[in-house]
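Topology and contacts: notes
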Amino acid sequence: LMALAMAAGFPPLAELSPMAHGYSLSWLFLMLSFVLARHFVRENNGFTVILMGVAGALAMWSQPTAMFGTIMVYLWTLFSMLTKYDRSLGERLALLGAGLLVFLLVSVLLYLPVVIDHGADQLFRHASEGERNWRTFTAGYPAKVLDLCMWIADPVGWVVAVLGFI
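Conventions and cut-offs
Residues numbered from 1 in each chain as written. Predicted model: local features only at pLDDT ≥ 70, side-chain atom pairs only at ≥ 80, totals over all residues. Heavy atoms only, no water. Patch = residues over 30% accessible without salt bridge, like charges linked within 9 Å, V, L, I, M, F, W, Y side chains within 5 Å. Areas by Shrake-Rupley, 256 points an atom, 1.4 Å probe, with all protein chains shown as cover. Salt bridge = Lys/Arg side-chain N within 4 Å of Asp/Glu carboxyl O. Helix = DSSP H or I, 4+ residues; strand = E, 2+ residues; numbered from the N terminus. Buried < 20%, exposed > 50% of the residue type's maximum accessible area, 1.4 Å probe, protein only. Lys, Arg positive; Asp, Glu negative; His and termini not counted. Expected span 1.5 Å × (residues − 1). Polar contact = N/O pair within 3.5 Å; in protein donor to acceptor, adjacent residues only side chain to side chain. Phe/Tyr/Trp six-rings, centres within 6.5 Å; stacked < 30°, edge-to-face > 60°. Lys NZ or Arg CZ within 6 Å of the ring centre and 35° of its normal. Axes fitted to C-alpha atoms, helices over the stretch in contact; angles between N-to-C directions. Left-handed = near helix turned anticlockwise from the far one by under 90°. Contact = heavy atoms within 4.5 Å. Nonpolar A, V, L, I, M, F, W, Y, C, P; charged D, E, K, R; others polar. Bend = angle between axes of the 7 residues up to and from the residue.

Looking now at a nonpolar patch on the surface. A surface patch of nonpolar side chains, about 640 Å² in accessible area, is lined by M67, F68, I71, L75, F79, L82 and L93. Of the residues forming the nonpolar patch, the biggest block, six residues, is contributed by helix α4 (residues 66-84). Positionally, L82 belongs in helix α4. Judged by its relative accessible area of 39%, L82 falls in the partly exposed class.

Structure, rendered in structure tokens:
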């Protein structure tokens, strides 16, 4: 009942809760990707690199900003292999490329229903974001600066304000 009352009083909370679950899942899959990447670097296992690609795609599916974390996992894997191996580097790089291909294919398959129903533009510019251009920025800029100034100055308190003058 408390959650419903809070959501009724502040409707964006209904959107924040699924987003929080998405971030939790993306971190779970990113940590799994790191563990699998470490196993792949040490053992040169093809199945591990495929699972790493699937885990990265699931992380990106649960929260699209996990793409940056997935890129970090692949770069870490690449640099780890470049610094540790010489003789088996070609085979390992080929497997890493296959894992990257699996990541891309699974990501496309997971986002395909959205693309089919709403088009590719829905992936990059969601309708709930509103229009973001120079005209809307300049129209609301003075009020936002005043709000920011009040937000910074209001909770400071007199003690911190006095310390700022000393």
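From this point, the discussion proceeds with the structure in view.
Our next topic: the side chain of R92. Relative to the elements of secondary structure, R92 occurs in helix α5 (residues 89-118). The charged side chain of R92 is buried without a salt bridge, its nearest counter-charge being E91 at 6.8 Å.

Okay, helix α3 (residues 46-62) next. Taking 1.5 Å of rise per residue, 17 residues should cover 24 Å, and α3 covers 25 Å from first to last C-alpha, within 8% of that figure. Among the residues of α3, those classed as buried are T48, V49, M52, G53, A55, G56, A57, A59, M60 and S62. For α3, the N-terminal capping position is held by N45, with its side-chain oxygen 3.1 Å away from the main-chain nitrogen of F47.

Now for the packing of aromatic side chains. All chains considered together, the criterion is met by two aromatic pairs. Pairing F34 with W76 gives two aromatic rings, centres 6.1 Å apart and planes at 75°, and the pair type is edge-to-face. Residue F34 is located in helix α2 (residues 12-43), and its partner W76 is located in helix α4; the two are separated by 42 residues in the primary sequence. F34 sits in the partly exposed class, given a relative accessible area of 22%. On the basis of an interplanar angle of 45° and a centroid distance of 6.0 Å, the ring pair of Y74 and F103 is categorised as tilted. You can see Y74 sitting in helix α4 and its partner F103 sitting in helix α5, a full 29 residues away along the chain. Each member of the pair Y74 and F103 is classed as buried. Positioned above the aromatic ring of Y85, the side-chain terminus of R92 is 3.6 Å from the ring centre.

Further remarks concern the packing of α3 against α5. Two elements in contact, α3 and α5, have axes whose closest approach is 8 Å; the angle formed by their N-to-C orientations is 35°. Note on packing geometry: the crossing formed by α3 with α5 is right-handed. Residue-level inspection shows G46, V49, I50, M52, G53, V54, G56, A57, L58, M60 and W61 of α3 in contact with α5, the latter providing L95, L96, G99, V102, F103, V106, S107, L110 and Y111. Per-class residue counts for the contact of α3 with α5 are 15 nonpolar, five polar and no charged.

Its 30 residues give α5 an end-to-end C-alpha distance of 42 Å, which sits within 8% of 44 Å, the value for a rise of 1.5 Å per residue. A maximum bend of about 45° is found in α5 at Y111, where proline P113 lies one to four positions downstream. Among the residues of α5, L89, R92, L96, G99, F103, S107 and Y111 are the ones counted as buried. Residue G119 follows α5 closely and has a positive phi angle near 90°.

Take unusual backbone geometry next. For N44, which is not a glycine, the phi torsion comes out positive at approximately 55°. Here N44 shows up in the loop between α2 and α3. What makes N44 buried here is its relative accessible area of 18%.

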